[in-house]
Amino acid sequence: MYDILIIGGGLSGLISARLLALEGLSVAVIEKNVYPFHRVCGEYISNEVKPFLESIDCFPHALQPTSIDKLTVTAPSGFSLHAKLDMGAFGISRYAFDNFLKMRAEEAGATVVEGEQIGTVQQTEDGFICTSLSHQTYRGKLLIGAQGKRSLIDKQLQRSFIHQRSPYIGIKYHIRTTHPDDLIALHNFQDGYCGISKVENDTYCLCYLTTRENLRKYGSITKMEEAILYQNPFLKKLFTESEFLFQAPEVINEISFDAKSLSDQQVIFCGDAAGMIAPLCGNGMAMAIHSAKLLSENILLHKDTLDENKILKHYKKEWNATFKQRLWIGRTVQKLFGRNSTTEISLRILSYFPFLLRWIISKTHGDIIQ
Ligand SMILES: Cc1cc2nc3c(=O)[nH]c(=O)nc-3n(C[C@H](O)[C@H](O)[C@H](O)COP(=O)(O)OP(=O)(O)OC[C@H]3O[C@@H](n4cnc5c(N)ncnc54)[C@H](O)[C@@H]3O)c2cc1C
């Protein structure tokens, strides 16, 4: 019987595990994949979490992340907008970063079980029993759902968003190319946008979000890229002149930005499982880390009793105050981009009113957390 069971060993699960284990709680993280592994993500992390990560010895200095402080956004026509990112960010692959955080969680005393997918969650008198698809059982007094944007568990818990299909898919490559180290570029195309920025080891992350309908229309990823992404001259250059390092791209589907509940059947959610911001805003990872901090602090306030209701009450209040407006603005901004005409108009307006772009950036990012 662990004090805390965590489903999912992404950023929110691993940071929670480290914070809680450091304070003497017995913690187990159950992750369906085996580290290190690639996942669809733009791999650009807002510096709002840098001091906090440093304070808990989780900033990956040794992996030599890239410093990023410039933004370029382009329309499908090639029209470009440039801005300085005041807070800045760092680029690191999830392959390296998640593995590094797994080691940090273990070093703090947490158990990380790899290659086990939780299929069912059952409440008992003294906590929870989670059963994996290979019939292993794990017991915990308190259960954190850090399973990301969409999981088997969401189905079993019958969470409301799971019944709605989402039109979005995400695709990612690692490439070698020529691109300024300190720049993140967001290139828009019909029904989607593609980010490019540098991670470690002279590698660049090329990751885009588009619709399932685009893929259906063209039949394959390559044909869709040639027909739609190549219309943006910057993307055509990137796709035709870079060295692609994966055998095949990483792909995910059913990416939903709808509002979610912070708890269901006494399971408390953090990270994307609690709410996901549009990748366009570039700070889902910072939010996942921040929500793990908020949840862990509230658990530690009630460390002796692990009183679920008290933990949840404060966590909900803080989570809403910290993220609710940001998620709403993220959803609204995402709607401006996507269609060729609205993207072009939005970018041209923003080029005349640079303070508006700075406002959007500041409203979709948080304050620096310590
Ligand atoms: C296309 C795209 C681009 C993005 N780009 C960026 C970006 O550049 N910058 C940024 O900050 N954010 C970006 N994001 C968002 C970011 O990836 C997420 O916000 C972040 O990964 C959330 O972390 P998490 O810990 O909540 O979930 P995740 O990192 O998704 O981790 C969840 C973990 O749970 C595991 N899991 C799921 N179900 C089970 C189960 N049943 N049993 C066991 N394990 C399970 C999964 O394998 C996974 O490892 C992007 C998202 C998308 C879709």
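Whatever comes next refers back to the structure up there.
What counts as what
- Residues numbered from 1 in each chain as written.
- Predicted model: local features only at pLDDT ≥ 70, side-chain atom pairs only at ≥ 80, totals over all residues.
- Heavy atoms only, no water.
- Near = heavy atom within 4 Å.
- Polar contact = N/O pair within 3.5 Å; in protein donor to acceptor, adjacent residues only side chain to side chain.
- Areas by Shrake-Rupley, 256 points an atom, 1.4 Å probe, with all protein chains shown as cover.
- Helix = DSSP H or I, 4+ residues; strand = E, 2+ residues; numbered from the N terminus.
- Nonpolar A, V, L, I, M, F, W, Y, C, P; charged D, E, K, R; others polar.
- Phe/Tyr/Trp six-rings, centres within 6.5 Å; stacked < 30°, edge-to-face > 60°.
- Lys NZ or Arg CZ within 6 Å of the ring centre and 35° of its normal.
- 1 Å grid on protein atoms, 1.4 Å probe; cavity = no way out; pocket = protein on both sides within 12 Å on 5 of 7 lines; lining within 4 Å.
- Points joined across faces, edges and corners; volume = space filled by probe spheres on them.

**Describing the site of the ligand**
Item 1. Every one of the 38 residues lining the ligand counts as a neighbour, but Glu31, Gly42, Tyr44, Asp272 and Met285 are closest to it.
Item 2. Side-chain polar atom of serine 12 to an oxygen atom of the ligand: 2.9 Å apart, as the coordinates give it.
Item 3. Aspartate 272 has a polar side-chain atom sitting 2.8 Å from an oxygen atom of the ligand.
Item 4. Within the complex, 94% of the 1000 Å² of free accessible area of the ligand lies under protein.
Item 5. Elements supplying a minimum of two residues to the shell around the ligand: helix 1 (11-22), strand 2 (27-31), strand 15 (250-255) and helix 8 (284-301).
Item 6. Broken down by element, the residue count for the shell around the ligand peaks at three residues, all from helix 8.
Item 7. Tallied by class, the residues present in the shell around the ligand amount to 17 nonpolar, 14 polar and seven charged.

**A short note on the packing of aromatic side chains**
Item 1. Counted according to the given criterion, the structure contains 13 aromatic pairs.
Item 2. Site record: aromatic cluster; members linked through ring pairs are Tyr173, Phe189, Tyr208, Tyr230, Phe239 and Phe244.
Item 3. Sitting over the face of the ring of phenylalanine 161, lysine 260 holds its NZ or CZ atom 4.6 Å from the ring centroid.
Item 4. For the cation-ring pair, arginine 348 lies above phenylalanine 79, with the distance from its terminal atom to the ring centre recorded as 4.0 Å.

**Thoughts on empty space enclosed by the protein**
Item 1. Counted according to the given criterion, the structure contains one cavity of 30 Å³ or more.
Item 2. The volume enclosed by the largest cavity comes to roughly 50 Å³.
Item 3. Every residue along the wall of the largest cavity is listed here: Gly271, Asp272, Ala274, Gly275, Gly284, Met287, Ala288, Ser291, Trp319 and Phe323.
Item 4. The dominant element in the lining of the largest cavity, judged by the number of residues it contributes, is helix 8, at four residues.
Item 5. Of the residues belonging to the lining of the largest cavity, the class tally is five nonpolar, four polar and one charged.

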